[in-house]
Amino acid sequence: MDNIIKLNTIDEYNELFGLETMNPLVAVVDMTKATRMPEHFTLNYGIYALFLKDTKSCDIRYGRQPYDYQQGTITSFAPGQVVETTIVPGSRPSARGLLFHPDLIKGTPLGREIHHYSFFSYSSNEALHLSDEERTIFTDCLRKIEMELDSPIDRFSKTLIANNIELMLNYCMRFYSRQFVTRTASNKDVLSKFEALLHDYFNSNKPKEQGLPSVKYFAEQVFLSPNYFGDLVKKETGMTAQDYIQAHIIDMAKQMLLGTDKTVNEISYELGFQYSQHFNRMFKKNTGETPASYRKYTA
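Presented here is a report on the structure given in the accompanying data block. (Residues numbered from 1 in each chain as written. Predicted model: local features only at pLDDT ≥ 70, side-chain atom pairs only at ≥ 80, totals over all residues. Heavy atoms only, no water.)

**Structural notes on the side chain of Asn-44**
- Tracing the chain through its elements places Asn-44 in strand S3 (residues 40–45).
- Polar side-chain contacts of Asn-44 include one of 3.5 Å to the side chain of Lys-6.
- Apart from the residues lying within four places of it in its own chain, the contact partners of Asn-44 are Ile-4, Ile-5, Lys-6, Leu-7, Gly-80, Gln-81 and Val-82. (Helix = DSSP H or I, 4+ residues; strand = E, 2+ residues; numbered from the N terminus. Polar contact = N/O pair within 3.5 Å; in protein donor to acceptor, adjacent residues only side chain to side chain. Contact = heavy atoms within 4.5 Å.)

Right under this line is the structure:
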């Protein structure tokens, strides 16, 4: 892999591609205007970035698999993500995008809510594919931000820019919600695999050897990022992935409490809990009873 280029500022990004910096904290970029274009590079983002790709002109890899590109694809990256890009031979990137520094949104409602935009951590085949109408909405948001950047700075500038970025991100959330619906069949596939993986995990020695499984563990098994996997499970079941795992654990615990003579400590250990007190708390939180009282009054 090439040396990783750390991008902490908007200016560093513009310098890499030969673009002009208009504002140190935010930029609307048009890659057709880039005067420099490395053939292969790996970026460690210290800023937020969203790009609308018009053509398949590059291969981007974040995580295990490359992004699934079609015309009108949005990719998004958050600070801390490392992204490898290879320009397709004989092509030139045709993309417009938004870059903004975390400092831009500090002290704003968006700054307090930015962690809710989970798509920034999506990877591999999880890019957002826009319809023509959605593409128009996205580019209109870019245009409004660009208009603010072209206007003289006043006391409303930061608020209006942050508000328009928030509007764009909310539209992306809506578009992703639509995409989850259109991918219902493949989503059901993932859920079926999740169920099978849960069953296999708790019917093996893994709980004793590795402890309680995480959402990240199951996401990796189905080749998805934890955020995308969690959003998919929530969309399809109404439950968070963590709650789904806990529900499976509680169901198994009930079966063991009523169907075996094992002690609560033994059941706790077999389910992967390091301490039986943690098992007792989870069980009571989900059922309203301790494991001992459940066994006593339900058996």
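**Details of helix H11 (residues 276–287)**
- With 12 residues, H11 ought to run about 16 Å at 1.5 Å a step, and its terminal C-alpha atoms sit 16 Å apart, in line with that.
- Taken together, the buried positions of H11 are occupied by Phe-279, Met-282 and Phe-283. Mapping the buried residues of H11 onto a view down its axis gives an arc of 100 degrees, with all of them on the same face. Summarising the geometry of H11, the exposed residues directed more than 90 degrees from the buried face are Arg-281 and Lys-285.
- Along its buried surface, H11 packs onto helix H9 (241–259), helix H10 (264–270) and helix H12 (291–298).
- Taken from the residues just after H11, Gly-288 is the one with a positive phi, measuring 85 degrees. (Expected span 1.5 Å × (residues − 1). Buried < 20%, exposed > 50% of the residue type's maximum accessible area, 1.4 Å probe, protein only. Arc of directions from axis to C-beta.)

**Remarks on the packing of aromatic side chains**
- Per the stated rule, a full pass over the model turns up 20 aromatic pairs.
- Aromatic pair Phe-273 and Phe-279: ring centres 5.3 Å apart, planes at 55 degrees, arrangement tilted. Here the two residues Phe-273 and Phe-279 agree in accessibility, since each one is buried.
- Taken together, the ring pairs in this structure connect Phe-194, Tyr-201, Phe-202, Tyr-217, Phe-218, Phe-229 and Tyr-244 into an aromatic cluster. (Phe/Tyr/Trp six-rings, centres within 6.5 Å; stacked < 30°, edge-to-face > 60°.)

**Brief notes about the pairing of S3**
- In terms of residue burial, S3 counts as a mostly covered element, since 5 of its 6 residues are buried.
- Note: strand S1 (residues 4–7) against S3, 4 bridges, orientation parallel. Opposite Leu-7, over in S3, you have Tyr-45 as the bridge partner.
- Sheet topology note: the S3/strand S7 (residues 82–87) ladder contains 5 bridges and is antiparallel. Of the residues in S7, the one forming a bridge with Phe-41 is Thr-85. (Pairing = 2+ DSSP bridges.)

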